[in-house]
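# Structural features, examined
Chain residues, written in single-letter form:
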Amino acid sequence: MRRRDFLKVAATSATGAVLFAGCGRIGDGVPESEFKIAQPVFNTNDWVYGRDAWFATAAPPDQGGYGLIVRVFEGRAKKVDGNPDFPGIHGKSDARAQALVQELYHPDRLSGARRATSRGSGQFQTIPWDSALQEVAQILREVGGEHAVLITGRLNASQAAIVAAFRKATGIRQAVLEPDEFVVLRTAIRRLFGVSTLPIPDLANARFLLNFSADFLHGWIAPVALAHAYGEFRQGKPGQRGLYYHVGPRLSGTAANADRWFPIIPGSEGLVALAIAQVLSTEGKAPQDRLDPYLTALGLDATRLASDYAPERVAPATGLSAEQIRELAHALVEHQPAVVIAGTSAAAATNGLFNLVATFGLNWILGSVNQPGGLLLNPEPPLPDLRVPDDAILSLRGWTELFEQIRSGTISTVLVYRANPVYALPSASGAREALQAAKHVVSFSPFLDETTTLADLVLPDQAWLEQWGLSVPDPGPGFAAVAIQQPVVAPFLDARAFGDVLLDLLRLLGQDQPWSTQEQATKALALQLRSLGRGSVTATNDKEFLVTLQARGGWWDEQSRATGSAPSTAAVQPREPAFAGEQNQFPYVLHPYPLPSLGYGELAHLPWLQGLPEPISTNVWQTWIEVSQATADELGLQTGDLVRVLTPQGVAELPVYVNPATQPGIIAIPFGQGHTAYTRYAEGRGVNPATLVAPETEPDTGTFAWAATRCRIEKTGRRARLARFEGMVPAFQLEEFPIVRVMAPKA
C-alpha cells in the first residue's frame, strides 16, 4: 500500500493500536518506500492475522524513552527491537528493551487488586478492584492530600500530565526516585548550560572523545543511541577512526573500548579537568571568551587557575603524572572536533558536582557546545504539558527529610508507583521504618518488591507493553522528539494502567477528570503536537495525524534545538573527594558500579538480564568483589575464595574475582543483587552494596555519594563457585599487546 492510499484508509479508521509503517528518512514525514503492511479499517489492539505484525511503541523512561517496535504473532509479543525510523537509534535496541517481553509474561506478575493480611507479612488476599479503589479514595478523602505523598519512578509524559492533574485536584505531594548520579548530572548541566534536559555528545561527528568515568556504552543515560554513535565514531568515516581516551578508576566495559585508559584515584576527575584547563590556558589554547564561562562556573580566576591547578601540583592527588595530564590536554586540541563527557562514579563521589562541572565545562573551552562533533544540548519538550517536572526528584537528603515527616506523622499516607525506595536507598535514609510507621501504604507495582511488601493495598500496574503513553527521550537526539507508546498485545492479567487508576480516583473523589483514561490523555496530548504545525508528522485531520503518529512511532522536529546559556555565577567550588573510614583500618576504596544489565537492581527480576554476563568478569546471577592481582597476591587470594568485606557501615561475605586490570587498592562490587523480595529470580541472590556503603552525601546536591567508602577484606578459608561465561581460565596478558600500567591509588 502506498502512503496516499494508507492515509485515505487512516482517515476513516479507528485509532487503536496501529501497525508500524515507518522506513522513511528522518524528519521528512514522507516514507520513501512503500508501506509493507496494510492497515485495516478496524483493528484491535491484539490483532490475529496469521503472520507477524510489528507495532511501534516506546521504551520506559528510565531506559531512555526512545522508539521501539515489537513483533507480535497471533496475539503474543515475540521480539522487541529499535524503531528504524526513530532518530538517534537507527533501529537499534539493547538487552533491557528486549527483556520487556519477559516483564510482560513474567510468572510472578500480580493479577488483581490485593489487601495485605498483615502489614509487612508479604501475604495478600485478592479483593475486587472497585473495593480497592473505593478504599483508596476514602483514605485520600479522610487524610487530605497535604498529608499524603506519591512516590514514583521517572514517569513518561502522559503519566506526568495525569499525575500533575491528580496533584492539582488532591494537593498530594510527589517525590520522584531516580539514581542519585543523575540528580548530580542534571544539576551540573542546568548550572553550566542553563537547560534542564540532558545533553548528548555528537560522537558520530567527533574525532576525539575524552570520557571521565561515564559508562556510556553500558547503561549511562542513552546507551543505545551512544553505542550506535560510537560505531560511527570508530568506523563510520572511511580512513578516519575516532580517538577515545578514558579517565576513571575502574576498567569498565566502556573503558575497555578506549584507545587509552588513564586509571585515577576515585573522585579526582574534576582535578584532572582543572589541570587540563590550566594547560590549555597557559599554552594559549583557550581563547578568553571560551575560558571565562569555565572560570565563572568554578568560581575561579585565571591567576588562581594558573597557580593552584598546574599539572605538577594536581598530579599527586589524581594518580596521573603531569605529563599524562598534558597529553590529555594536547589531545583535545590536536583532534578537533572533540567532546568531553563524565558520569557514573564521577558523580557519586562527595565532590560529584564539582567533578561534573569541571569536566563538562571543558566543552566551553573547546568551543564544542552545540557544534558538530561536540556536546549537543537538548530543547525543552515541544509542549509544556509533556514536560516531566524535575523539581520533584529528591536527593538522599530530600528522602531522609521526607521519611522523617512520615515517621513523625506529618505525612500519614504513602502511594508508591514503580519505585522501590526500601531497596534503592541506604538504610540510613529510614525508608523501611517510615513505611512501617505510615498509617496507609498503597502500591501500584506489578511485582512484589521490598516496598510493595510493606503496603496495605496493591493495585497492580499493567506491563509496559500493554499501555498507552507519550515519551520524551531524555536525553534527546539534539532536537525535539516524542515517542508514542501503544499497547502491542491485549492485557491478559487483571491489572490496570496507573494513569487509569488515578483518573478513576479523581472520579470517586468528585473531582473533574481532564481525561477519562490514560489512552485518551495520550491521544489528547499527541494532538497538541499537530497544532504546532511542524515536525515529522503532517495530516489533514486528527485521525490521520494519530494513525500516522502511531504507524511511525513518534514525532520529531530537527529544527527545534536548544541554545543554552553560559553560567553567570559560580556553579560549585573545587573540592577534593572524601571517604568514610580511616585508612589504617580500611585500606581499600570500595568502588560500587551499576551493572549494564541490572542497573541499580531495578531489573533484577528479569532472568534474561540476570544471565547477561558482566562485560569484564563475565559473572552472572550473583554478587562478587573484583580485586587486583597485586591485592590477591598480598592476601593470598584466588578467584572463587570467599572473603569477608567490612566497611564502617556493614559486613558481607562475597566471592573474589581476581582481575589483573583492577587498580591495587580498589575493591569493585556491582550493584543489582541483594533483593529480599522482587520475584523468584531476584530474591535471595547476592548482596546489595547500598548496605555496605556509608551514607555520605555530596554537599551541594545532598545526593548519595556511594563511591566514597573505604573497606577491608578478610579471608574466611572457604570457597564459592562463581557462575561466569569465561569459565575457570584466568585472564592473562596477550603477547602481542603492550602491558597496561595500572596506578595504585593513594586515596
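Everything here concerns the structure above.
Residues numbered from 1 in each chain as written. Predicted model: local features only at pLDDT ≥ 70, side-chain atom pairs only at ≥ 80, totals over all residues. Heavy atoms only, no water.

In this model, helix H5 (residues 157–170) (14 residues) spans 20 Å end to end at C-alpha, consistent with the 20 Å of a helix rising 1.5 Å per residue. What H5 keeps buried is the set Ala157, Ser158, Gln159, Ala160, Ala161, Ile162, Val163, Ala165, Phe166 and Thr170. Residue asparagine 156 occupies the N-cap position of H5, its side-chain oxygen lying 3.1 Å from the main-chain nitrogen of serine 158. (Helix = DSSP H or I, 4+ residues; strand = E, 2+ residues; numbered from the N terminus. Expected span 1.5 Å × (residues − 1). Buried < 20%, exposed > 50% of the residue type's maximum accessible area, 1.4 Å probe, protein only. Polar contact = N/O pair within 3.5 Å; in protein donor to acceptor, adjacent residues only side chain to side chain.)

Summed over all chains, the structure comprises 7 cavities of 30 Å³ or more. Considered as a void within the structure, the second largest cavity measures approximately 110 Å³ in volume. Taken together, 13 residues make up the lining of the second largest cavity; nearest its centre are Ser213, Ser252, Thr344, Ser345 and His591. The biggest single contributor to the lining of the second largest cavity is strand E20 (residues 588–593), with 3 residues. (1 Å grid on protein atoms, 1.4 Å probe; cavity = no way out; pocket = protein on both sides within 12 Å on 5 of 7 lines; lining within 4 Å. Points joined across faces, edges and corners; volume = space filled by probe spheres on them.)

On inspection of all chains with the given rule, the structure shows 16 aromatic pairs. Pairwise contacts between aromatic rings join Phe216, Tyr230, Phe233 and Tyr244 into one cluster. Across the ring face of phenylalanine 492, the terminal group of arginine 109 is positioned such that the distance to the ring centre comes to 5.6 Å. Above the face of the tyrosine 593 ring, arginine 250 is positioned so that its terminal group lies 3.6 Å from the ring centre. (Phe/Tyr/Trp six-rings, centres within 6.5 Å; stacked < 30°, edge-to-face > 60°. Lys NZ or Arg CZ within 6 Å of the ring centre and 35° of its normal.)

The next point concerns the side chain of threonine 453. On the secondary structure map, threonine 453 appears in the loop between strand E15 (440–443) and strand E16 (457–458). Within the structure, threonine 453 has its side chain in polar contact with the backbone oxygen of aspartate 449 (distance 2.7 Å). When neighbours within four sequence positions are excluded, threonine 453 is seen to be in contact with Gly120, Gly122, Phe124, Leu448 and Ala677. (Contact = heavy atoms within 4.5 Å.)

Of all hydrophobic cores here, the largest spans 110 residues; its most connected members are Phe193, Leu210, Phe212, Phe216, Trp220, Ile276 and Phe360. Looking at this core, the element that brings in the most residues is helix H8 (residues 269–282), giving 9 residues. Apart from residues no more than four positions distant in its own chain, tryptophan 220 is found in contact with Glu181, Phe182, Leu185, Ala214, Asp215, Leu226, Ile341, Ala342, Gly343, Thr344 and Phe360. If you look at the next biggest cluster of nonpolar residues, it comprises 51 residues, including Leu140, Val143, Leu505 and Leu506. (Core = buried A, V, L, I, M, F, W, Y, C linked by side-chain atoms within 4.5 Å.)

Before going further, it helps to examine the pattern of salt bridges. Counted under the stated rule, the structure contains 36 salt bridges. For the salt bridge of arginine 418 with glutamate 103, the shortest nitrogen-to-oxygen distance reads 2.7 Å. Of the two residues, arginine 418 is situated in the loop between strand E14 (413–417) and helix H16 (421–424) and glutamate 103 in helix H3 (residues 100–104); the sequence distance between them amounts to 315 residues. Measuring nitrogen to oxygen at the nearest pair gives 2.7 Å for the salt bridge that ties arginine 407 to glutamate 404. Of this pair, arginine 407 and glutamate 404 both sit in helix H15 (residues 396–408), separated by 3 residues, roughly a single helical turn. (Salt bridge = Lys/Arg side-chain N within 4 Å of Asp/Glu carboxyl O.)

The sheet built from 7 strands is open, its strands ordered E5-E4-E16-E15-E14-E6-E7 with mixed pairing. This sheet does not close on itself; its edge strands, each paired only once, are strand E5 (124–126) and strand E7 (173–176). Pairing geometry for strand E6 (residues 148–152) and E14, over 5 bridges, is parallel. Opposite leucine 150, over in E14, you have leucine 415 as the bridge partner. (Pairing = 2+ DSSP bridges.)

This brings us to the layout of surface pockets. Of the voids in this model, the second largest pocket is the one considered here, and its volume is about 570 Å³. Contributing to the lining of the second largest pocket are 33 residues, with Pro87, Gly88, Ile89, His90 and Pro477 lying nearest its centre. Where the lining of the second largest pocket is concerned, the elements lending two or more residues are strand E8 (200–201) and helix H7 (223–235). A per-element tally of the lining of the second largest pocket places H7 first, with 6 residues. Grouping the constituent residues of the lining of the second largest pocket by class yields 20 nonpolar, 7 polar and 6 charged. (Nonpolar A, V, L, I, M, F, W, Y, C, P; charged D, E, K, R; others polar.)

You can see asparagine 211 is positioned in strand E9 (residues 208–212). A relative accessible area of 0% places asparagine 211 in the buried class. Within the structure, the side chain of asparagine 211 is placed 3.1 Å from the side chain of tyrosine 244, a separation counted as a polar contact. Excluding its chain neighbours within four sequence positions, the residues that come into contact with asparagine 211 are Phe216, Tyr244, Tyr245, His246, Val247, Thr254, Ile341 and Ala342.

With respect to burial, strand E10 (residues 243–248) is a largely interior element, 6 of its 6 residues being buried. A two-sided burial pattern is seen for E10, the buried positions comprising Leu243, Tyr245 and Val247 on one face and Tyr244, His246 and Gly248 on the other. With 5 bridges connecting them, E9 and E10 associate as parallel partners. Counted as the bridge partner of phenylalanine 208 is leucine 243 from E10.

Strand pairing in a sheet relies on backbone hydrogen bonds. The paired strands run either parallel or antiparallel. Here 3 strands make up an open sheet; going across it, the order is E17-E18-E19 and the pairing antiparallel. This sheet does not close on itself; its edge strands, each paired only once, are strand E17 (469–471) and strand E19 (554–557). Strand-to-strand, the axes of this sheet are offset by a mean angle of 15°, without reference to chain direction. In this structure, E17 lies alongside strand E18 (residues 480–485), joined through 3 bridges in antiparallel fashion. Its bridge partner being in E18, glycine 469 is matched across the sheet by glutamine 485. (Axes fitted to C-alpha atoms, helices over the stretch in contact; angles between N-to-C directions.)

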